[in-house]
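Coordinate inspection notes
Here are the chains, one letter per residue:
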Amino acid sequence: MKIVVFGALNAGKTTFLERASKKKLSVKGSYEGMTTSLDFTRLDYNGETVYLFTTPGHRRFDFMWEVLANGMRGAILLIDSTVGITEVDREIGGLIESKGVPYVVAVNKSDLANLSLDMVREGLGISAKVPVIPTSAICGNGVDEVLHRLMELKNERRGTE
Ligand SMILES: Nc1nc2c(ncn2[C@@H]2O[C@H](COP(=O)(O)OP(=O)(O)OP(=O)(O)O)[C@@H](O)[C@H]2O)c(=O)[nH]1
Ligand SMILES: [Mg+2]
């Protein structure tokens, strides 16, 4: 199953993927530290193979967002706590919503800033059903929880299909 990590420039998507997979990424499409195409890794979650992708954050490569969203079964929207909610976050949130897949919002760099989760929810205009979880891709806090909640949501949905 395919899961895609979205988020604005520098939010920590590549670091999040490295942390989540606990190994070297199979594909790291970066130039001078900035993702220009995608990152990819594969992990096992309770016997299920999960294909994890990240998108580039830079607007110049925003055409990749739609390409990578193709066929995804779940998404993670990474917010940069040190920046707060921006127009790009709202735009990406809208893209994910339009795909109708379960998703989780990860409020990243929580080791550096303490962004109110209610403000994140309000800023993105999302329903109470979407989990909003503080993470630190550097320290590892919250990363496994994000994956766990996403898999839970996906399985709940599968149960009602
Ligand atoms: N303190 C702290 N730094 C982080 C965290 N996550 C990422 N960073 C740092 O933020 C910078 C950007 O991280 P990346 O993982 O490259 O961000 P990205 O979202 O993949 O960037 P683009 O793909 O270019 O949009 C790097 O210097 C990371 O070390 C975090 O949770 N805490
Ligand atoms: Mg990146």
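Residues numbered from 1 in each chain as written. Chains lettered and ligands numbered in written order. Predicted model: local features only at pLDDT ≥ 70, side-chain atom pairs only at ≥ 80, totals over all residues.

A separate point is the site of ligand 1. Around ligand 1, the surrounding shell holds 21 residues, and the nearest of these are G12, T14, T15, T35 and G57. Contributions of two or more residues to the shell around ligand 1 are made by helix 1 (13-21) and strand 3 (34-45). Counting residues per element, the shell around ligand 1 draws most heavily on helix 1, which supplies three residues. Its residues placed into classes, the shell around ligand 1 shows seven nonpolar, eleven polar and three charged. (Near = placed C-beta within 6 Å. Helix = DSSP H or I, 4+ residues; strand = E, 2+ residues; numbered from the N terminus. Nonpolar A, V, L, I, M, F, W, Y, C, P; charged D, E, K, R; others polar.)

Turning to the sheet that holds strand 5 (residues 74-80), a few remarks are in order. Across the sheet, seven strands lie side by side as 2-3-4-1-5-6-7; this open sheet has mixed pairing. On the outer flanks of this sheet lie strand 2 (27-31) and strand 7 (132-134), each paired with one strand and no other. Across the sheet, the mean angle from the axis of one strand to that of its neighbour is 20 degrees, orientation sign disregarded. As judged from the three bridges shared by strand 6 (residues 103-108) and strand 7, these two strands associate in the parallel manner. Opposite V105, over in strand 7, you have V132 as the bridge partner. Against the sheet, helix 3 (residues 87-99) contacts strand 1 (2-7), strand 5 and strand 6, and its axis sits at roughly 170 degrees relative to strand 5. With respect to the sheet, helix 4 (residues 117-124) is in contact with strand 5, strand 6 and strand 7, its orientation differing from that of strand 6 by roughly 125 degrees. (Pairing = 2+ DSSP bridges. Axes fitted to C-alpha atoms, helices over the stretch in contact; angles between N-to-C directions. Contact = placed C-beta atoms within 7 Å.)

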